Amino acid sequence: MTIYNFGSINLDHLYQLDHFVRPGETMASDSYQCLLGGKGANQSVALAQAGGGVKHVGAIHSVDTMILTQLEELKVDVSLIETLDTPTGHAIIQLTKAAENSIILYPGANHCLSKVRVDEILSAAQQGDWVLLQNETNLVDYIIESAHSKGLKVAFNPAPMDAELTKAVLPFVHLLIVNEVEAMDLVGVDTIDAAAQLLPERYPELAVLMTLGQDGVRYFDGEENLHVPAFRVDAVDTTAAGDTFIGYTLSAILSGTPIAEAMRRGCAASAICVTRLGAMAAIPSQHEVEQFLLEN
């Protein structure tokens, strides 16, 4: 079984600050790092580290081929990543001492997918394969509808959230992965319980993973309604926490692990991730997650 992740690849410019820069303010950064990230690439690495077979579909600038080397070293199949003359996508990240972050995204090569290329890649997929997407690339709706028409299961993490786009493609999505605010916005309610009730009613074929930050994660699909608590750790950087959770949980689900156990593995991986600085560099190995679960 293969997961085709149509996902962003970014170079993250990370600045550690006392607080977020305010309008008109100039502030010196405590430190600076340039790190490989992007929600799509982070999720591919988390999937690969968890043991999932993932092919990343994306694009970078031709001068940034070191990205391919780094992803390969992290067990990601990079054979479907194009090298173009368009700048690699990047992010400007402010990280405060309270472990909060503020992010500016420039899409760059992440928005260079063509329908011809999408069709070519999906035509090679087999029954049982999955397609994973976030909302940091172009042609999201086309990819989802095309994958569904070919009988492939689709997992969608619509971040950054575009509510109208997301509602339009939900009939073609098997697994939706959102946080509690995004879930409530999709159905126009102001409580988590109301969102958990209305989403299955409006989209009866849809399964939902709703992340709740420090409160853990919920899963519901019209039949099951489960909650798994988060592990308590001292967080220093939450940048890739959600991506790590998605990669580990999805890998476990696809391997046949019961959903509650898969969610617990995702929560464990996410807990390790937030104790480290950075995005991709903070994603734990499968061995680290196994050890964490034994100790907790």
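Thresholds applied
Residues numbered from 1 in each chain as written. Predicted model: local features only at pLDDT ≥ 70, side-chain atom pairs only at ≥ 80, totals over all residues. Heavy atoms only, no water. Pairing = 2+ DSSP bridges. Helix = DSSP H or I, 4+ residues; strand = E, 2+ residues; numbered from the N terminus. Axes fitted to C-alpha atoms, helices over the stretch in contact; angles between N-to-C directions. Core = buried A, V, L, I, M, F, W, Y, C linked by side-chain atoms within 4.5 Å. Buried < 20%, exposed > 50% of the residue type's maximum accessible area, 1.4 Å probe, protein only. Contact = heavy atoms within 4.5 Å. Salt bridge = Lys/Arg side-chain N within 4 Å of Asp/Glu carboxyl O. Phe/Tyr/Trp six-rings, centres within 6.5 Å; stacked < 30°, edge-to-face > 60°. Parallel < 35°, antiparallel > 145°, perpendicular 65-115°, else oblique. Left-handed = near helix turned anticlockwise from the far one by under 90°.

A.B. asks: Teacher, can you tell me more about the sheet that holds strand β8 (residues 130-133) here?
C.D. replies: Ordered by their spatial adjacency, nine strands build an open sheet running β5-β4-β1-β8-β9-β10-β11-β12-β13, and the pairing between neighbours is mixed. With partners counted over all chains shown, the strands left at the sheet margins are β5 (77-84) and β13 (225-228), one partner each. On average, each strand axis in the sheet is inclined to that of its neighbour by 15°, with strand direction left out of account. Relative to strand β4 (residues 54-61), strand β1 (residues 3-6) is paired through four bridges, and the arrangement is parallel.

A.B. asks: Would you explain the nonpolar core in this entry?
C.D. replies: A general tendency of soluble globular proteins is for nonpolar side chains to be buried together. Core analysis: the biggest nonpolar cluster contains 46 residues, and Leu-71, Leu-175, Leu-209 and Leu-250 have the highest contact counts within it. Ranked by residue count, the leading element in this core is helix α9 (residues 259-273), at seven residues. The contact partners of Leu-209, leaving out residues within four places of it in the chain, are Leu-175, Leu-176, Ile-177, Val-178, Val-217, Arg-218, Tyr-219, Phe-245, Thr-249, Ile-253 and Met-263. Judged by nonpolar contacts, the second largest core, of 37 residues, contains Val-57, Leu-152, Val-169 and Ala-183.

A.B. asks: What exactly am I supposed to notice about the pattern of salt bridges here?
C.D. replies: Side chains carrying opposite charge are able to pair once their charged atoms draw close together. Following the criterion strictly, the structure yields nine salt bridges and no others. Here Arg-22 makes a salt bridge to Glu-25, at a shortest N to O gap of 3.0 Å. Among the residues examined, Glu-25 registers a relative accessible area of 22% and is labelled partly exposed. A salt bridge links Asp-243 to Lys-39, with the nearest nitrogen and oxygen atoms 2.8 Å apart.

A.B. asks: Explain the packing of aromatic side chains to me, please; I cannot follow it from the model alone.
C.D. replies: The geometry of an aromatic ring pair is captured by two quantities: the separation of the ring centres and the angle between the planes. All told, the structure shown has two aromatic pairs when counted by the stated rule. Ring centres of Tyr-15 and Tyr-32 lie 5.1 Å apart, and the angle between their planes is 40°; this geometry places the pair in the tilted category. In this pair, Tyr-15 is assigned in strand β2 (residues 10-17) and Tyr-32 in strand β3 (residues 31-37), connecting sequence segments 17 residues apart. A relative accessible area of 44% places Tyr-32 in the partly exposed class.

A.B. asks: It is not clear to me how the packing of helix α3 (residues 115-123) against helix α4 (residues 140-149) should be interpreted in this structure. Could you clarify?
C.D. replies: It is at 11 Å that the axes of α3 and α4 come closest, and there the two elements cross at 30°. If you check the angle between α3 and α4, you find them roughly parallel. Judged by the sense of rotation from one axis to the other, the crossing of α3 with α4 is right-handed. Counting all contacts with α3, which are made through Lys-115, Val-118, Asp-119 and Leu-122, the residues of α4 involved are Tyr-142, Ile-143, Ser-146 and Ala-147.

A.B. asks: Which parts of the structure should I look at to understand the pairing of β13?
C.D. replies: Residues in a regular strand point their side chains to alternate faces of the sheet. One ladder, built from four bridges, connects strand β12 (residues 217-220) with β13; its direction is antiparallel. Bridging across to β13, Phe-220 finds its partner in Asn-225. Counted between consecutive antiparallel strands, the loop separating β12 from β13 contains four residues, among which Gly-222 sits at a positive phi close to 95°.

The values reported here are purely geometric and, on their own, carry no functional implication.
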